[in-house]
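Single-letter residue listing:
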Amino acid sequence: MIDAPEGRSHPTDLAALRTRYLAAQLRGDRREALRVVLEEGLGSGASVAQIRSDLVRGAQAEIGRLWEENRISIAQEHMASAISQVVLAHLYDRADRSPDVGKRVLVACVEGELHDLPARIAADTLDLAGFDVIYLGASVPTDSLVATIEAERPDLLALSCTISLNVPALREAVARVRTATGGRLPIVVGGNAVAWSPGLPAELGVDGVGASGEELVDAARSILASQPPQPPEPR
Amino acid sequence: MNALIERIRRDGARLNQEVMAGFYRDPFWRERFGTRGEKHSQEDGLYHLSFLAEALAAGDPGILTRYATWLRTVLVTRGMCSRHLAQNFARLAGAIAGWPGGENAVHYLRLAEASLRYGEGPARELLGSVDALVDATCARAEVPPERWRDELCTLLSYLADALASDRPDLLAAHLRWYLPFRERQGISADESRRVLAALERSLAGLAPAARLLQMARNGG
């Protein structure tokens, strides 16, 4: 177990908040985790983006390290990640949303990819930046991905791949989507598997990489800048 | 290259079973890790081949070496040592060497093995002296080298891992299990303790390693 220091944080002391947040996660204390984020984090002036990045993502990286070193079990890792999902929902609810940019982005984890927290963060970040986001979540079968793209006609596809073992599924998804759309749909990729394989984006010939939600927003804006804005089609 | 990658993906399961069968001829594996461990070993072997195929497809051995060093942390904190993983890569390389185009895969697997050697610090110093330490220890303990050479190489790998991660508890946990296991193999506890004591004395010139071994022998 990790002991949490007592006391409230300096407004910018996100590292201390992250320690307390992580301790709450590993105790399975959902309410305390939310309190740290909402009262101490947002309440002391940290932005939603900072909390998402420095607290939630930072704690998730630490959770991964603790599991690797056999200091926490896989059940604890899942419990902690489930708490982060709840926290992200609350952060989304409290964030200010930028005006619509008239572009639709479809975000999905490739088939077999169960680590959906990074994709969830990406989807939320894009949504709050004004994009119309369709978020499909974890392990989307490639057939279903293609069918959804054909039905929803997004302006951009963002594919998430965390585990390198799922890179073949990423390759398959990119190839099938290109075939289905005649290569007209821009594609960006992200996730640890992409970071582990620096040559992969160029090999896949994708249009961009998003290592974080903010990077993905920048990539989306850049790629779609040349396209005329359209009102999102009703769903 | 594509044909090699295809063959790794197509024949990998059979190849992995053969390699794992070789490992499991040593009773250490089943006794140490049980049936659950055997299941994980089979899965890990398939992961090695998947990462190998992915590295070859991308032309980037770093995909495999990064996987190797990441996996080492996972495995050494769960009762294995770097040498076990290196041996797995070596056996896969041996099995693939005869395949058409297999030399590429062998090259990547050798790089993965090499990535597991510590590049600095007391762990590197220790592993640079393995042969001399084994000879000195066997002489001091008056035990036949053929009975202890492989065991000592593995013990030194456990020691190096514990040094590199500053985790004497990992070596302590292994020794607590190891001594009774050796007894079941017909090596008396007295002989095993004599060898460990001789190893500690042989490490006199490598103080961090000697200290860590002493801590581990005293319970970590």
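Summary of the structure given here. (Residues numbered from 1 in each chain as written. Chains lettered and ligands numbered in written order. Predicted model: local features only at pLDDT ≥ 70, side-chain atom pairs only at ≥ 80, totals over all residues. Heavy atoms only, no water.)

### Description of helix H5 (residues 102-115) of chain B
All names here are of chain B. The criterion, for reference: In this text, helices come from DSSP runs of H or I with a minimum length of four residues, and strands from runs of E with a minimum of two, each type numbered from the N-terminal end. Take the number of residues in a helix, subtract one, and multiply by 1.5 Å to get its expected span. Accessible area is worked out with a 1.4 Å probe on protein chains only. A residue is then buried under 20% of its type maximum, exposed over 50%, and partly exposed in between. To be clear, the arc concerns the directions from the helix axis to the C-beta atoms. Whether two residues are in contact is decided by their heavy atoms: any pair within 4.5 Å suffices.
An ideal rise of 1.5 Å per residue puts 20 Å on 14 residues; H5 measures up with 20 Å between its terminal C-alpha atoms. When we look at burial in H5, the residues that qualify are Gly 102, Ala 105, Val 106, Tyr 108, Leu 109, Ala 112 and Glu 113. Down the axis of H5, the smallest arc covering the buried residues is 165 degrees, so these residues share one side. Residues of H5 that are buried sit in contact with helix H1 (2-23), helix H2 (27-58), helix H3 (61-76) and helix H4 (82-96).

### Here's the deal with the environment of Tyr92(A)
Residues and elements named next belong to chain A. So the rule is basically this: Think of a polar contact as two N or O atoms within 3.5 Å of one another; within protein, one of them needs to be a possible hydrogen donor and the other a possible acceptor, and neighboring residues in sequence only count if both atoms come from side chains.
Relative to the helices and strands, Tyr 92 is located in helix H4 (residues 74-94). Owing to a relative accessible area of 35%, Tyr 92 belongs among the partly exposed residues under this scheme. Taking C-alpha positions, Tyr 92 is 25 Å from Leu 145, a pair spaced 53 residues apart along the chain. A polar side-chain atom of Tyr 92 sits 2.9 Å from a polar atom in the side chain of Asp 127.

### Considerations on the nonpolar core
Test applied: We define the nonpolar core as a collection of buried residues of types Ala, Val, Leu, Ile, Met, Phe, Trp, Tyr and Cys that are connected through side-chain atoms lying within 4.5 Å of one another.
Counting 77 residues, the largest nonpolar core has Leu52(B), Leu126(B) and Leu203(B) as its most contacted members. The element best represented in this core is helix H8 (residues 145-165) of chain B, accounting for ten residues. Beyond its immediate chain neighbours, meaning those up to four positions away, Leu126(B) contacts Leu133(B), Leu156(B), Leu159(B), Ala160(B), Leu163(B), Leu203(B), Leu206(B) and Ala209(B). In this structure, Val36(A), Ile51(A), Leu55(A) and Val56(A) belong to the second largest nonpolar core, which totals 29 residues.

### Some points on the pairing of strand S3 (residues 156-160) of chain A
Residues in a regular strand point their side chains to alternate faces of the sheet. Residues and elements named next belong to chain A. Here is the rule: DSSP calls a pair of strands paired once it identifies at least 2 bridges connecting them.
Counting buried residues along S3, five of its five residues qualify, which places the element largely inside the surrounding structure. Side chains of S3 alternate between two faces, with Leu 156, Ala 158 and Ser 160 and Leu 157 and Leu 159 buried alike. Across five bridges, the pairing between strand S1 (residues 104-109) and S3 is parallel. Bridged to Leu 106 within S3 is Leu 157. Here S3 runs beside strand S4 (residues 187-190); their pairing, made up of four bridges, is parallel. Bridge pairing in S4 links Leu 159 to Val 189.

### Considering the interface of chain A and chain B
For clarity, the threshold we go by: What gets called buried area is simply the loss in accessible area from a 1.4 Å probe that two parts show on being joined, summed for both. We count a salt bridge whenever a side-chain nitrogen from Lys or Arg sits within 4 Å of a carboxyl oxygen from Asp or Glu.
Counting residues at the interface gives 14 residues for chain A, matched by 17 residues for chain B. Interface area, chain A with chain B, both sides summed: about 1400 Å², of which 58% is carbon and sulfur. When the area that chain A buries against chain B is broken down by residue, the three leading residues are Glu68(A), Leu165(A) and Trp196(A), summing to 44%. For the pair chain A and chain B, the number of links is one salt bridge. Across the pair Arg171(A) and Glu54(B) runs a salt bridge, and its minimum N-O distance is 2.7 Å. Here chain A is connected to chain B by seven residue pairs in polar contact (both at pLDDT 80 or more).

### Observations regarding the sheet that holds S4(A)
All names here are of chain A. Rules: For every element, the axis is a line fit to its C-alpha atoms; helices are fit only across the contacting stretch, and the angle between N-to-C directions ranges from 0 to 180 degrees.
In spatial order, the strands read S2-S1-S3-S4-S5; together these five strands make up an open sheet with parallel pairing. Lying at the two open borders of the sheet, with one neighbouring strand each, are strand S2 (132-135) and strand S5 (208-209). As paired elements, S1 and S2 share four bridges and run parallel to each other. Considered in S2, the bridge of Arg 104 is made with Asp 132. The sheet strands contacting helix H5 (residues 117-128) are S1, S2 and S3, and the helix crosses S2 at an angle near 160 degrees.

### As for helix H7 (residues 130-141) of chain B
All names here are of chain B. Spanning twelve residues, H7 covers 16 Å between terminal C-alpha atoms, matching the ideal 16 Å at 1.5 Å per step. All of the buried residues in H7 are Val 130, Leu 133, Val 134, Thr 137, Cys 138 and Ala 141. Here the buried residues of H7 occupy an arc of 125 degrees about the axis, which is enough to place them on one side. Seen from the buried face of H7, the exposed residues on the opposite side, beyond 90 degrees, are Asp 131, Ala 132 and Ala 139. Residues of H7 that are buried in the fold lie against helix H6 (121-127), H8 and helix H10 (189-202). Count one or two residues on from H7 and you reach Glu 142, which has phi positive near 55 degrees.

### Examining the environment of Thr65(B)
Residue and element names in this part refer to chain B. Counting through the fold element by element, Thr 65 comes out in helix H3. Taking the C-alpha atoms as reference, Thr 65 lies 20 Å from Gly 101; in sequence the two are 36 residues apart. Thr 65 has contacts with Leu 111, Ala 112 and Ser 115, leaving out every residue within four places of it along the chain.

### Observations concerning the packing of aromatic side chains
Residue and element names in this part refer to chain B. Using the following cut-off: For Phe, Tyr and Trp, where Trp contributes only its six-membered ring, two rings pair if their centres lie within 6.5 Å, and the inter-plane angle classes them as stacked under 30 degrees, edge-to-face over 60, or tilted in between. A positively charged side chain is recorded as over a ring if its NZ (Lys) or CZ (Arg) lies within 6 Å of the ring centre. The angle to the ring normal must also be within 35 degrees.
The tally for this structure, following the rule as stated, stands at 13 aromatic pairs over all chains. Between Phe 28 and Trp 177, the ring centres sit 5.4 Å apart and the planes meet at 80 degrees, which makes this aromatic pair edge-to-face. Of the two residues, Phe 28 is situated in helix H2 and Trp 177 in helix H9 (residues 168-184); the sequence distance between them amounts to 149 residues. Owing to a relative accessible area of 9%, Phe 28 belongs among the buried residues under this scheme. Residue classification places Trp 177 among the buried positions, given a relative accessible area of 17%. Members of the aromatic cluster, connected to one another through ring pairs, are Phe 23, Tyr 24, Phe 28, Trp 29, Phe 33, Trp 177 and Phe 181. One Lys or Arg, Arg 7, reaches over the ring of Trp 99 and ends 4.0 Å from the middle of that ring. Against the face of Trp 148 rests Arg 182, its NZ or CZ located 4.4 Å from the ring centre.

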